[in-house]
Amino acid sequence: MNLCQICGEEEATIKTIDIVNNVKSERHICEACYNKQGLSQPFSVPNISDFVKLTPTSAQIDLQGLGELVKGLTNPKPEPTVPNIVCENCGNSLEEFHKRGVVGCPADYDLFCEEIEALVSRLHGATEHVGKVPREIEAERARQHRAKQLCADLECAINEERYEEAAGLRDRIAALTHDSDSPLHETSRRDRDEHAG
Amino acid sequence: MLDDRFSSGSGEWLGPNGPDNDVVISTRIRLARNIRGHKMPWRSNQCERQEVEAKLKSGIADSQIIPEGAYWSIDDLSETERRLLVERHLISPELAKGRGSRGVIFAPTENLSIMTNEEDHLRIQGIHRGLQLEETWRVTNQIDSVLESRLPFAVSSRWGYLTACPTNVGTGLRVSVMLHLPVLVHTDQIKKVHTAASRVGLVVRGLYGEGTKASGDFYQISNQVTLGRDEVQILRDVRTMVLKIIEWERGLRKLVMQQDRVTMEDRAWRALGTLQYARKMNSEETMQHLSSVRLGINLEILHDLGQERINDLFLYTQPAHLQVLRGAPSDPEERDISRARLIREWLA
Ligand SMILES: [Zn+2]
Ligand SMILES: [Zn+2]
């Protein structure tokens, strides 16, 4: 007996085929897991693009109305009804992204932001990265975090009418924001601070 | 042409005496990275891929991360050589299928390989014997940090590392531990592994990816989630699960040896006998018998048989290795005969 590749408990009775980047991969899963994925038509061939279509964003629902949404859920090969967006950089379109489930260039992540968000929240259960980033970005992150803290301090100072302190805080925030176009600048200044401390 | 290093021996990661080697074969970690301002490989034409490949090659060369490694362009390798590298886990089947401006550079120890223009511009892979999550991560992470100072990686502060497929976005990290679980399979409890793994967002696959039945009782366990969890958490999730599976497998081995020792002995000796005397042997059967012999060695039923030789046989009985070693014809029956002869000689 072949076990379901999702739950590993039930017998796999359904074969699904994902086509990602022209590479086909098969999965054998049970009926319960199949239904859980919202793929209600057995023996159709869902792929990652159907995954995207099954989780339309609120904007799309407004655009298409509820009837269209229901059609999208039951029709295994729905026609694209969303206005097609095309990336200026790579020529990849939203339609193409739906079809293949891969982006054409890094900029597509911003361009197809809503679709990506719907997809990754299903895939990963999260929509925000935590963990390693290149040092340059890390410095930028640290600066933003610092600026945020100082802003909170500033608000506090103003509320409590400590105006002299507030002025100082304002200058420090301005300095941080000013530096932001030059990440290297920030790094070298942090190095100085470390030497001084 | 690859050199003839491949006609004997295997990568360091397949060697004996790795941590928890009785159950864990190897630990593999890969990072997916792309270069800012360039199209993904699938979207690029030959000219654009060539430009990216050149950038990557000089970035890798300048950073001196694999000084003893040569860069192999996929186009310069024969079909057999490409398959050979897949069998050694140095390149992915996907890279082997591609043409034009893609390739690989790997360390002579085979502990480290970097693929260019695969699904992503860059795939950095570290692989070590036994369970070595921290060490494998340390090395792979270090390579990534060195490369990031020479190559502008595509990153956003919200999505993390931007990958061609959103299944890898965020950390771009895939941790895979290859396990040998003959007694969990024998006692029909492998579904316990599937259930437990899927509950914590991990996936269990066979030796060669998506198939339902794992070949020779080998299973790969890896993370699916790459976004919203950092590298330390992902490593910890995999570690926790793998330690649990090791405990189950060991517990069952002990139990079966107490309650039904003779069945285990019979299985090991029968497999060894078949390997030593058979005249025709296909891949699947070979894997099954080698698995039983490997178990027999770990249960101290079989002595005087080096783990190393058995590990090498796992590799050299696969089609491309057999062909390089024996010039075996592509006819399946001829190959099965050639395979059986190789095994007989190595075990004589
Ligand atoms: Zn299931
Ligand atoms: Zn694009």
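Computed from a predicted model, the values in this text were never measured in an experiment.

Conventions adopted
Residues numbered from 1 in each chain as written. Chains lettered and ligands numbered in written order. Predicted model: local features only at pLDDT ≥ 70, side-chain atom pairs only at ≥ 80, totals over all residues. Heavy atoms only, no water. Helix = DSSP H or I, 4+ residues; strand = E, 2+ residues; numbered from the N terminus. Expected span 1.5 Å × (residues − 1). Buried < 20%, exposed > 50% of the residue type's maximum accessible area, 1.4 Å probe, protein only. Contact = heavy atoms within 4.5 Å. Domains from an automatic or database assignment. Buried area = accessible area lost by both parts, 1.4 Å probe. Salt bridge = Lys/Arg side-chain N within 4 Å of Asp/Glu carboxyl O.

Caption draft 1: Expanded view of helix H12 (residues 332-347) of chain B. All names here are of chain B. Between the first and last C-alpha of H12 there are 22 Å, a value that for 16 residues agrees with the 22 Å anticipated at 1.5 Å per step. Turning to H12, its buried residues are Arg 335, Asp 336, Ser 338, Arg 339, Ala 340, Leu 342, Ile 343, Arg 344 and Leu 347. Considering only its buried residues, H12 is in contact with helix H2 (79-87), helix H8 (261-277), helix H9 (283-298), helix H10 (307-316) and helix H11 (319-326).

Caption draft 2: Here's a closer look at the domain arrangement of chain B. Residue and element names in this part refer to chain B. Here the domain parsing of chain B yields domain 1 (3-253) and domain 2 (260-347). Between domain 1 and domain 2, the C-alpha centre-to-centre distance is 26 Å. Counting from both sides, the interface comprises 27 residues of domain 1 and, opposite them, 26 residues of domain 2. Here domain 1 packs against domain 2, burying approximately 2300 Å² in sum over the two surfaces, 56% of which is carbon and sulfur. Ranking the residues of domain 1 by area buried against domain 2 places Leu 14, Thr 80 and Glu 87 at the top, with a combined share of 21%. If you look at where domain 1 meets domain 2, you find one salt bridge.

Caption draft 3: Geometry of the pattern of salt bridges. In this structure the tally under the stated criterion is 28 salt bridges over all chains. Of the charged contacts in the structure, one is a salt bridge between Arg 162 of chain A and Glu 165 of chain A, with a shortest N-O distance of 2.6 Å. Judged by relative accessible area, which is 42%, Glu 165 of chain A ranks as partly exposed. A salt bridge links Lys 39 of chain B to Glu 48 of chain B; the shortest N-O distance between them is 2.9 Å.

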